[in-house]
Amino acid sequence: MTTSAEEIKAGKGEPLVVLDRVNKHFGSLHVLQDIDLTVRRGEVVVVIGPSGSGKSTLCRTINRLETIDDGTITLDGKPLPAEGKALAQLRAEVGMVFQSFNLFAHKTILENVTLGPIKVRGEDRAAAEKRATELLERVGVAHQAAKYPAQLSGGQQQRVAIARALAMEPKVMLFDEPTSALDPEMIKEVLDVMVELAEQGMTMIVVTHEMGFARGAAHRVIFMADGAIVEENTPEEFFTHPRSDRAKDFLSKIITH
């Protein structure tokens, strides 16, 4: 069944990422508690909540950077593989952008973006470089291709990290607080790239403190507290009529400052 452009825009494609009763402990700490979450193709889901609520852990279980204790996670109908080549293949299908850009310091910007396609996908260097240049153009840093990460600002490095994830042509993009290490003036340039991706129909799961992005770009807001999903709704409904006391309390603290 194909998904229409309108359905994608509304985040109503077929299920792409499905978490079913997922639990995760760190020692005695129950960081994910019976998490049920379905993210559809073309949907932008923003995960918000107080520090320590399990948001980043949730994000990291979807490409198996964190293992889960029980429950299931499927990507495009297939369960997440445990290890080996299948896991490497999965990670190629799930793009991840971290808080700290995680670029290779000793490689140029172009080399950072072409490394995955050449090493993991076995792509021809010329084809990988052509695609990388197009992606760097798309995120506005093509003119920096020959430089090294340390020569770029934080905002530019994060945009390179987005281009690097896109180079693998992922089915879904995970963003784990992608702007929290940036100076305020650099945040907008990264969020602008993310908004553009969202508008182009990329499936995105975004853990962020940027409420403006949540309001403007998300199809759905997931509010977490103490390892559980407390509330989920459209941005409009969530921000104007939060239902739970936890969400009301959280919003009152962030909106008034």
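Residues numbered from 1 in each chain as written. Predicted model: local features only at pLDDT ≥ 70, side-chain atom pairs only at ≥ 80, totals over all residues. Heavy atoms only, no water.

The name that an unreviewed UniProt entry assigns to the chain is Glutamate transport system ATP-binding protein, with the source organism given as Nocardioides marmoribigeumensis. Per UniProt, the chain has the following entry under Sequence similarities (unreviewed entry): "Belongs to the ABC transporter superfamily." (UniProt positions renumbered as here; feature names shortened; annotations may be inferred.)

What follows is about the overall build of the chain. What the chain contains, in helices and strands, is 10 helices and 10 strands. By the compact-globule yardstick of 18 Å for 257 residues, the chain fits well, its C-alpha radius of gyration being 18 Å. By principal-axis analysis of the C-alpha atoms, the chain measures approximately 55 × 45 × 40 Å. Across the 257 residues of the chain, 49% fall into the buried class. Of the charged side chains in the chain, 30 are positive and 36 negative, and the gap between their average positions amounts to 3 Å. (Helix = DSSP H or I, 4+ residues; strand = E, 2+ residues; numbered from the N terminus. Rg over C-alpha atoms; globule rule 2.2 N^0.38 Å. Buried < 20%, exposed > 50% of the residue type's maximum accessible area, 1.4 Å probe, protein only. Lys, Arg positive; Asp, Glu negative; His and termini not counted. Charge placed at Lys NZ, Arg CZ, Asp CG, Glu CD.)

Another aspect to go through is the pattern of salt bridges. For the structure on display, the rule yields 15 salt bridges. The partner of Arg21 in a salt bridge is Asp34, with the nearest N and O atoms 3.6 Å apart. On the criterion of sequence distance, the pair formed by Arg21 in strand S1 (residues 15–26) and Asp34 in strand S2 (residues 29–40) is long-range, its members being 13 residues apart. The residue Arg220 makes a salt bridge to Glu43 at a minimum N-O spacing of 2.9 Å. With Arg220 in strand S9 (residues 220–225) and Glu43 in the loop between S2 and strand S3 (44–48), this pair connects stretches of sequence that are 177 residues apart. For Arg220, a relative accessible area of 15% corresponds to the buried category. (Salt bridge = Lys/Arg side-chain N within 4 Å of Asp/Glu carboxyl O.)

Across soluble globular proteins, nonpolar side chains have a tendency to be buried as a group. Counting residues in hydrophobic clusters, the biggest one holds 50 residues, and the most contacted among them are Ile48, Leu136, Ile162, Met173, Phe175, Met194 and Met204. Top element by residues in this core is helix H7 (residues 184–199). It accounts for eight residues. Leu75, Phe98, Ile205 and Ile222 belong to the second-largest nonpolar core, a separate cluster that totals 27 residues. (Core = buried A, V, L, I, M, F, W, Y, C linked by side-chain atoms within 4.5 Å.)

An order of S6-S7-S8-S3-S9-S10 is seen for the six strands of this open sheet, with the pairing classed as mixed. Because the sheet does not close on itself, it has two edges, and the strands there are strand S6 (94–97) and strand S10 (228–233). Averaged over all pairs of adjacent strands, the angle between strand axes in this sheet comes to 20 degrees, irrespective of strand direction. Strand direction decides the pairing type here: strand S7 (residues 172–176) and strand S8 (residues 203–207), joined by five bridges, are parallel. Paired with Phe175 across the two strands is Val206, which belongs to S8. Along the sheet, helix H3 (residues 84–93) makes contact with S6 and S7, crossing S6 at roughly 65 degrees. Along the sheet, helix H6 (residues 154–166) contacts S6 and S7; its crossing angle with S6, the most-contacted strand, is approximately 170 degrees. (Pairing = 2+ DSSP bridges. Axes fitted to C-alpha atoms, helices over the stretch in contact; angles between N-to-C directions. Contact = heavy atoms within 4.5 Å.)

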